[in-house]
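# Architecture at a glance
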Amino acid sequence: MTAPLEIAANIVMTVSIVLAGRNNVHSWWLGVVGCVMFAVLFYSVNLYADVALQLFFIVTCVIGWLRWVRGDGGGALPIRRARLGALGWMVGVGLAATAAYGLMLQAYTNAYAPFIDSAVLMFSIVAQLLLMGRRLDTWPFWLLVNTISVPLYASRGLHLTAVLYAAYWFNALVSWFFWRRQMRAAAP
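My aim in this report is to walk through the structure given alongside it, one point at a time. (Residues numbered from 1 in each chain as written. Predicted model: local features only at pLDDT ≥ 70, side-chain atom pairs only at ≥ 80, totals over all residues. Heavy atoms only, no water.)

## What to know about the packing of aromatic side chains
What counts here: Aromatic contacts are taken between Phe, Tyr and Trp rings whose centres are within 6.5 Å, Trp giving its six-membered ring; a plane angle under 30 degrees counts as stacked, one over 60 as edge-to-face, and the others as tilted. Numbering of helices and strands runs from the N terminus, with a helix taken as a DSSP run of H or I at least four residues long and a strand as a DSSP run of E at least two residues long. Only protein chains enter the accessibility calculation, which uses a 1.4 Å probe; a residue whose area is less than 20% of its type maximum is buried, one above 50% is exposed, and one in between is partly exposed. The criterion is that NZ of a Lys, or CZ of an Arg, lies within 6 Å of the ring centre and within 35 degrees of the ring normal, and then a charge sits over that ring.
Going through the model one piece at a time under the given rule, you end up with 13 aromatic pairs. An angle of 85° between the planes, with centres 5.4 Å apart, marks the rings of Trp28 and Trp68 as edge-to-face. You can see Trp28 sitting in helix 2 (residues 27-44) and its partner Trp68 sitting in helix 3 (residues 48-70), a full 40 residues away along the chain. Residue classification places Trp68 among the buried residues on the basis of a relative accessible area of 5%. Here a set of aromatic residues connected by ring pairs shows up, and it is made of Phe38, Phe42, Tyr153, Tyr165 and Tyr168. If you follow Arg22 out to its NZ or CZ, it ends over the ring of Phe178, 5.9 Å from the centre. In this arrangement the basic side chain of Arg156 is found over the ring face of Tyr112, its NZ or CZ atom lying 4.2 Å from the centre.

As structure tokens, then:
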């Protein structure tokens, strides 16, 4: 049976994620609400890296909201590509942090799938940082995170969450093309 908290968290986050894909600023405050709900849910099933991730998301949702509202020098924050060098170090740091945090969870907690859970955490951080800056490159990282998350959540009995993360995978793919089209349309 699916818990009411899992249902509510998924409804709120689905709206938030779809709005992010449509480049809508209201995605951010809904993200705060959904992340609080997911933090409680993930704690209840011993996915501690996911709890930490939700706390990170709460803070970055507030920052992202402010960045998108304030814009870039008075104008809207444009969709841009990240520099290749920046992406390279983000991937390197993400892999190293995944290994380190996975080892810590394995040694000091009863975490389920500590390295997989840590990969979701670390590459969600990369994707979120790119999203905050309205970088087109956020969407391939969200595709990676969603690919890893579906079997992880299914294995913990969070079947609704797993199904919705599969839907988020498709949303990330569509959003990638939508943002690319918007970026090209805005180019001088």
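## Some remarks on the environment of Phe141
The cut-off we apply is this: Should any heavy atoms of two residues lie within 4.5 Å, those residues are considered in contact.
Among the secondary structure elements, Phe141 is positioned in helix 6 (residues 138-155). Since its relative accessible area comes to 11%, Phe141 is described here as buried. Expressed as a C-alpha distance, the spacing of Phe141 and Val51, which sit 90 residues apart in the sequence, is 19 Å. Discounting residues that sit within four places of it in the chain, Phe141 has contacts with Leu87, Val91, Phe123, Val126, Ala127 and Leu130.

## Things to note about the pattern of salt bridges
Our working definition: Whenever Lys or Arg places a side-chain nitrogen within 4 Å of a carboxyl oxygen from Asp or Glu, that contact is recorded as a salt bridge.
With the rule as written, the count across this model stands at one salt bridge. As a salt-bridge pair, Asp137 and Arg81 come within 3.6 Å of each other at their nearest N and O atoms. Placement of Asp137 in the loop between helix 5 (114-132) and helix 6 and of Arg81 in the loop between helix 3 and helix 4 (84-108) is noted, with a sequence separation of 56 residues between them. Of the residues examined, Asp137 reaches a relative accessible area of 7% and is grouped as buried.

## Brief notes about helix 7 (residues 159-186)
Cut-off, in case you're wondering: The span expected for a helix works out to 1.5 Å for each residue beyond the first.
Across its 28 residues, helix 7 extends 40 Å between first and last C-alpha, which sits within 8% of the 40 Å expected from 1.5 Å per residue. Turning to helix 7, its buried residues are Thr161, Ala162, Leu164, Tyr165, Tyr168, Asn171, Ala172, Ser175, Trp179 and Met183. If you follow the buried residues of helix 7, they end up packed against helix 1 (4-21), helix 2, helix 3, helix 5 and helix 6.

## Structural notes on a nonpolar patch on the surface
Inclusion rule: Exposure above 30% relative accessible area and the lack of any salt bridge qualify a residue for a patch; like charges then connect within 9 Å, and the nonpolar side chains Val, Leu, Ile, Met, Phe, Trp and Tyr within 5 Å. Where accessible areas are quoted, they stem from the Shrake-Rupley method and a 1.4 Å probe; at the residue level, only the protein chains shown are allowed to cover.
Together, Trp29, Val33, Trp65 and Val69 make up an exposed nonpolar region whose accessible area comes to about 370 Å². For the nonpolar patch, the elements supplying multiple residues, two or more each, are helix 2 and helix 3. Mapping Trp29 onto the fold places it in helix 2. Residue classification places Trp29 among the partly exposed positions, given a relative accessible area of 37%.

## Here's the deal with unusual backbone geometry
Backbone geometry places Asn23, a non-glycine residue, at a positive phi of 65°. Relative to the helices and strands, Asn23 resides in the loop between helix 1 and helix 2. The backbone of Ala113 shows a phi angle near 50°, a positive value even though the residue is not glycine. Mapping Ala113 onto the fold places it in the loop between helix 4 and helix 5.

## A look at the nonpolar core
Stated precisely, the cut-off is as follows: Nonpolar cores are built from buried Ala, Val, Leu, Ile, Met, Phe, Trp, Tyr and Cys residues. Side-chain atoms within 4.5 Å join them into one set.
Trp139, Trp142 and Tyr153 are the most contacted members of the largest nonpolar core, which has 50 residues in total. Of all the elements in the fold, those that place two or more residues in this core are helix 1, helix 2, helix 3, helix 4, helix 5, helix 6 and helix 7. The dominant element in this core, judged by the number of residues it contributes, is helix 5, at nine residues. Each residue touching Trp139, except ones within four places of it in the same chain, is listed here: Ala20, Gly21, Leu131, Ala172, Ser175, Trp176 and Trp179.

## As for the side chain of Thr60
Applicable threshold: Each polar contact in these results corresponds to two N or O atoms within 3.5 Å; when the atoms are within protein, one needs to be able to donate a hydrogen and the other to accept it, and residues that are neighboring in sequence are counted only if both atoms are side-chain atoms.
Topologically, Thr60 is positioned in helix 3. Among the polar contacts made by the side chain of Thr60, one reaches the main-chain carbonyl oxygen of Phe57 at a distance of 3.3 Å.

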